[in-house]
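Read off the chains here:
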Amino acid sequence: MRIEAVVTEGGGWASGRTNPNGGPGTIELQKPLIRSYFPEIIQCHNGTINLQLDRPLQVRLPDIVTPPLDWNPAAFPDGERFGITAIELDLAGKSHRAWLYTAEHSPHRFNNVAEVLTGTLDGIALGVRCAIHVRRVSQLLVI
C-alpha cells in the first residue's frame, strides 16, 4: 500500500536538536539497546523523519516489538517498548529502505504523523512531498 505524505516538523527529541544541554537525541541513546532486536538501526541517522500522512495508518502488529527498554529510567521507570515496521520511502524519484519507528510513549502514536528511521538522505526538508510503501497491510473501514 502506498501512502502519500509531506515532511513535517517534529519535536526535535529524536535528533537532539531541541536538547537544551546540547546532548544526544533519543535515537542515539536508544540505539545500543534496540540493536540486538533491530541490528539495522546502527546504519540509521540519529533522528527520525516526521511524515504527515495523507491517510491514516495504524500499525497494530509491527515487524519487531522490543521488550521494555530502560533507556530513560527517570521518565519511564518501567521502560519503553518500540515497534519497528519495514517500509520503502519514495523521495525525489528514489526508493529508500526505511522503517516506521513507533515508540510506546510517542505523542505521534495516535495522529497521522509517522516517524521514519533510515540512513542520511539528501533532499529532506520541511514541506517536501514523498510516499511510503507498506508491504504488510490489512485495510479496515472504521465508521
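What counts and what doesn't
Residues numbered from 1 in each chain as written. Predicted model: local features only at pLDDT ≥ 70, side-chain atom pairs only at ≥ 80, totals over all residues. Heavy atoms only, no water. Helix = DSSP H or I, 4+ residues; strand = E, 2+ residues; numbered from the N terminus. Rg over C-alpha atoms; globule rule 2.2 N^0.38 Å. Buried < 20%, exposed > 50% of the residue type's maximum accessible area, 1.4 Å probe, protein only. Contact = heavy atoms within 4.5 Å. Areas by Shrake-Rupley, 256 points an atom, 1.4 Å probe, with all protein chains shown as cover. Lys, Arg positive; Asp, Glu negative; His and termini not counted. Charge placed at Lys NZ, Arg CZ, Asp CG, Glu CD. Pairing = 2+ DSSP bridges. Core = buried A, V, L, I, M, F, W, Y, C linked by side-chain atoms within 4.5 Å.

Peer 1: For this particular structure, what's the right way to read the overall build of the chain?
Peer 2: If you tally the helices and strands in the chain, you get one helix and seven strands. In sequence order, the secondary structure elements of the chain are arranged as β-α-β-β-β-β-β-β. Here the C-alpha radius of gyration of the chain, 15 Å, is about what a compact globule of 143 residues would show, namely 15 Å. Seen along its three principal axes, the alpha-carbon backbone of the chain occupies a region of about 40 × 35 × 30 Å. In the chain, buried positions account for 38% of the 143 residues. At a minimum sequence separation of 6, the contacts of the chain that also span at least 24 residues come to 63%. Here the chain displays about 8,400 Å² of accessible surface, and carbon together with sulfur accounts for 53% of that area. Considering the chain, the positive charge centre built from 13 side chains and the negative charge centre built from 14 side chains are found 5 Å apart.

Peer 1: Which parts of the structure should I look at to understand the pairing of strand E4 (residues 82–91)?
Peer 2: Where a strand is regular, its side chains alternate between the two sheet faces. Most of E4 is tucked away, with nine of its 10 residues classed as buried. Pairing between strand E3 (residues 64–65) and E4: two bridges, direction antiparallel. In the sheet register, Ile-64 faces E4, and the bridge partner there is Ile-84. Summarising the sheet, E4 and strand E5 (residues 94–103) pair through 10 bridges and their orientation is antiparallel. By the bridge assignment, Glu-88 is partnered in E5 with Arg-97. Turn length for the E4-E5 hairpin, with the two strands adjacent in sequence and antiparallel, is two residues, and the turn residue Ala-92 shows positive phi of about 55°. Strand direction decides the pairing type here: E4 and strand E7 (residues 129–134), joined by four bridges, are antiparallel. Within E7, the position partnered with Glu-88 by the bridge is His-133.

Peer 1: How should I be thinking about the nonpolar core in this particular structure?
Peer 2: Taken as a class, soluble globular proteins show a tendency for nonpolar side chains to be buried jointly. One finds Leu-51, Leu-89 and Ile-132 to be the most contacted residues of the largest nonpolar core, which totals 17 residues. Those residues in contact with Leu-51 that sit more than four places away from it in its chain are Ala-5, Val-6, Val-7, Thr-8, Leu-89, Asn-112, Val-113, Ala-114, Val-116, Cys-130 and Ile-132. If you look at the next biggest cluster of nonpolar residues, it comprises 15 residues, including Ile-27, Phe-38, Cys-44 and Ala-86.

All quantities given are derived from atomic positions and should not be read as evidence of function.
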